[in-house]
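# Chains, contacts and geometry: an overview
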Amino acid sequence: MNDIFVAVQQTLPQLNEEQQKKLCLFYEMLVDWNTRMNLTAITEPMEVAQKHFADSILPEKLLKNGAAVIDVGTGAGFPGIPLAIARPDLRFTLMDALQKRLTFLAAVCGELGLNIPLVHARAEEAGKNPLYRAKFDAALSRAVASAGELCELTVPFLKENGLSLMYKGPQADAELAAAKNALNLLKARGETVAFDAAWGERRVIVVKKLAPTPDVYPRASGVMKKKPL
Ligand code: SAM
């Protein structure tokens, strides 16, 4: 606990002690469950504090107070869980195609007292479901797909004027340029926002939904792969 507590205090001094302790508990569960299922390649305390926790929280100022937020392809809970701890005003939904990751997240939410719906679904299917379509102020995704694919996977979840935040590295501008056609078809526009973390350059592609998504999107995953927008 000590190494991770020091790392979290150094990396995220803006959080209060209760939030920092929750991140430490999340860390303990992550490395423990990681021995039984594949959750993360990063386990060293400072690296987890920087590359999982702080990176997840970096763009939090882009999320308006009280926003309904969906994390698409959350995996072991990134960026959703650190953001939910840092921003208790946000109303999160975590979605992943793999049930075993959601089993881990259910245990994490129970332990941390987080009341977050966990949805086992592929985004291509959930994006057509009236329970989730056009219901969110923001959609988040990290390490899930290219920006073009993510436009199709995440924009359908957004209300008009909602934002899709795609966590990327230095390749963000090139990915955004390649997603031009997808943005047009999905009636959205995008820009990149840079964050200079001490441990590396981070960029987030911020896509804004301008009008309702045409009914044909998202297409089935096989079609998406065969005919990228
Ligand atoms: N976002 C996490 C992170 O940054 O650590 C996990 C990244 S992991 C490389 C990608 C995750 O996205 C996996 O858990 C996978 O099951 C999920 N995923 C990929 N495609 C998906 C889709 N179409 N719908 C829902 N989940 C998806």
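Notes on the structure in this doc start here. The model shown is predicted, which means the values in this text are computed figures rather than measured ones.

By the element assignment, D71 lies in strand β1 (residues 68-72). Buried and unpaired, D71 has no salt bridge, with R142 as the nearest side chain of opposite charge at 8.0 Å. Among the polar contacts listed, one links the side chain of D71 to the backbone nitrogen of G80, at a separation of 2.8 Å. With near-sequence residues (within four places) excluded, D71 lies in contact with G77, F78, P79, G80, T93, L94, M95 and L140.

This part covers the packing of helix α2 (residues 17-33) against helix α3 (residues 45-57). As a packed pair, α2 and α3 sit with axes 11 Å apart at the nearest point and diverge in direction by 110°. Between α2 and α3, the angle falls in the class roughly perpendicular. The residues of α3 that touch α2, namely those facing L23, F26, Y27 and L30, are P45, V48, H52 and F53. Partitioned by chemical class, the residues of the contact of α2 with α3 number seven nonpolar, one polar and no charged.

Cut-off values and rules
- Residues numbered from 1 in each chain as written.
- Predicted model: local features only at pLDDT ≥ 70, side-chain atom pairs only at ≥ 80, totals over all residues.
- Heavy atoms only, no water.
- Helix = DSSP H or I, 4+ residues; strand = E, 2+ residues; numbered from the N terminus.
- Buried < 20%, exposed > 50% of the residue type's maximum accessible area, 1.4 Å probe, protein only.
- Lys, Arg positive; Asp, Glu negative; His and termini not counted.
- Salt bridge = Lys/Arg side-chain N within 4 Å of Asp/Glu carboxyl O.
- Polar contact = N/O pair within 3.5 Å; in protein donor to acceptor, adjacent residues only side chain to side chain.
- Contact = heavy atoms within 4.5 Å.
- Axes fitted to C-alpha atoms, helices over the stretch in contact; angles between N-to-C directions.
- Parallel < 35°, antiparallel > 145°, perpendicular 65-115°, else oblique.
- Nonpolar A, V, L, I, M, F, W, Y, C, P; charged D, E, K, R; others polar.

Read these as spatial facts, not as claims about activity.
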